[in-house]
Amino acid sequence: MAVLGIDIGGTKLAAGVVDAEGRMLARDEVPTHAEEGLEPVLDRIVALGRGLLSRPEAAAVAVRRIGVGCAGPVDLKAGLVLQPPNLPGWTRVPLTERLERAFGLPIVLENDANAAGLGEFRYGAGRGARSIVYMTVSTGIGGGIILDGRIWHGLKDAAGEIGHMTVDPDGPVCGCGNRGCLEAIASGTSIAHRAKEALAAGTPSELQRVAHPTAADVVRLAREGDPVASAVWDRAVRYLGIGVAAVIAILAPERIVIGGGVSRAGDFLFDPLRDHVRRRLKLMPAEAVPILPATLGPDVGILGAAAVALDA
Ligand SMILES: [Zn+2]
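Residues numbered from 1 in each chain as written. Predicted model: local features only at pLDDT ≥ 70, side-chain atom pairs only at ≥ 80, totals over all residues. Heavy atoms only, no water.

## Overview of the domain arrangement of the protein chain
Taken as a whole, the protein chain is organised into domain 1 (2-111 + 298-311) and domain 2 (125-295). One C-alpha centre belongs to domain 1, the other to domain 2; they are set 27 Å apart. Listed as interface residues are eight residues of domain 1 and, on the opposing side, seven residues of domain 2. The largest share of the area that domain 1 buries against domain 2 comes from Leu76, Glu110 and Asp311, three residues that together contribute 57% of it. Between domain 1 and domain 2 we count zero salt bridges in total. (Domains from an automatic or database assignment. Contact = heavy atoms within 4.5 Å. Buried area = accessible area lost by both parts, 1.4 Å probe. Salt bridge = Lys/Arg side-chain N within 4 Å of Asp/Glu carboxyl O.)

## Some remarks on the side chain of Asp226
Following the sequence through the fold, Asp226 ends up in the loop between helix H7 (215-223) and helix H8 (227-251). One buried charged side chain, Asp226, makes no salt bridge at all; its nearest oppositely charged neighbour is Arg209, positioned 8.1 Å away. Reaching out from Asp226, the side chain makes a polar contact with the backbone nitrogen of Ala229 at a distance of 3.0 Å. Other than its neighbours up to four places away in sequence, Asp226 contacts Ser205, Glu206, Leu207 and Leu221. (Helix = DSSP H or I, 4+ residues; strand = E, 2+ residues; numbered from the N terminus. Buried < 20%, exposed > 50% of the residue type's maximum accessible area, 1.4 Å probe, protein only. Lys, Arg positive; Asp, Glu negative; His and termini not counted. Polar contact = N/O pair within 3.5 Å; in protein donor to acceptor, adjacent residues only side chain to side chain.)

## A short note on the sheet that holds strand S11 (residues 255-259)
The strand order across the open sheet built from five strands is S10-S9-S8-S11-S12, with neighbouring strands paired in mixed fashion. With one partner strand each, in any of the chains shown, strand S10 (150-151) and strand S12 (291-293) form the two edges of the open sheet. Where strand S8 (residues 132-137) lies against S11, five bridges are found, and the strand directions are parallel. Its bridge partner lying in S11, Tyr134 is registered against Val257. Sheet strands in contact with H8 are S8, strand S9 (141-147), S11 and S12, and its direction is about 160° off that of S8. (Pairing = 2+ DSSP bridges. Axes fitted to C-alpha atoms, helices over the stretch in contact; angles between N-to-C directions.)

## Topic: the coordination of the zinc ion
By definition of the ideal shapes, four donors in a tetrahedron about a metal sit 109.5 degrees apart, and six donors in an octahedron sit 90 or 180 degrees apart. In this structure, His164 (ND1), Cys174 (SG), Cys176 (SG) and Cys181 (SG) serve as the protein donors to the zinc ion, at separations of 2.0 to 2.4 Å. Linear spacing of the donor residues for the zinc ion on their chain is H-x9-C-x1-C-x4-C. A residue is classified by how much of its surface remains accessible, and Cys174, at 6% relative accessible area, is buried. (Donors = N, O, S within 2.8 Å, 3.2 Å for Na, K, Ca; no water.)

## Some remarks on the packing of H8 against helix H9 (residues 267-280)
In contact at an axis separation of 8 Å, H8 and H9 are set at 50° when each is read in the N-to-C sense. Taken together, the axis directions place H8 and H9 in an arrangement best described as oblique. The element H8 and its partner H9 pack so that their crossing is right-handed. Note on element contacts: H9 touches H8 through Phe268, Leu269, Pro272, Leu273, His276, Val277 and Arg280, opposite Trp233, Val237, Arg238, Leu240, Gly241, Ile242, Val244, Ala245 and Ile248. A per-class count over the contact of H8 with H9 returns 12 nonpolar, two polar and two charged. (Parallel < 35°, antiparallel > 145°, perpendicular 65-115°, else oblique. Left-handed = near helix turned anticlockwise from the far one by under 90°. Nonpolar A, V, L, I, M, F, W, Y, C, P; charged D, E, K, R; others polar.)

Shown next as structure tokens:
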């Protein structure tokens, strides 16, 4: 038994043939070119999947199902992708039906953050636990809640939107329209944005030498002690700590697993983050909930989509 896992993102489309033990037997990826709209992207997804299914590694195993992780929001029961902000032209797309017709195999659709959470739970930093909360901190902040081995979907498949938890009622306006969401303060995009604001205010900083500072530039200069970069970074980590502490207070998962580009800051993120969380949780032993970096790297989307299909 094996499955095909497909990860549909705004930047790249990635897929892999994965066996029941989570081994990646074959993988491939292509740029999404999301700006071309729905049909060309669907064509590329089908070509990518067919290419993999025709490889000898796939022919040697029986691929029975296809798991698809797609940027949300999604309506899982109806198999619809509703309107992801990073896939222009995708509005209520009947993705399950379209792909079932193209591949002739059962399709199991899942929101990409949930799929990634299940991937880390099964094959990565969550292995061996019964419940984890996965957070991805990159351009946005997403979450996947795995309770007793299953994704917690919630009403209208809307659970796990950790990035849209209000952490500062007077904070910056978020892409969702609310003010002070965690994502508006601590995502990679927001960290870069806050750095630009600080520079515009005229505070001297090494960041001025960088044409378009990214979150990675902020991390690099904060490590070197640059005051502006440090202030922006410390604020982001502090608010991430508020978010993680809230998640632990509500769910008490066995582990928190954090992936995404910002998590590549490593101990420079995780050490102060654990301190912030510990200081905020008084009623439970915060050290009992390890806060760990994700381990699957860029393949988390494929392995997560595969895990979804293997569980179906
Ligand atoms: Zn929001």
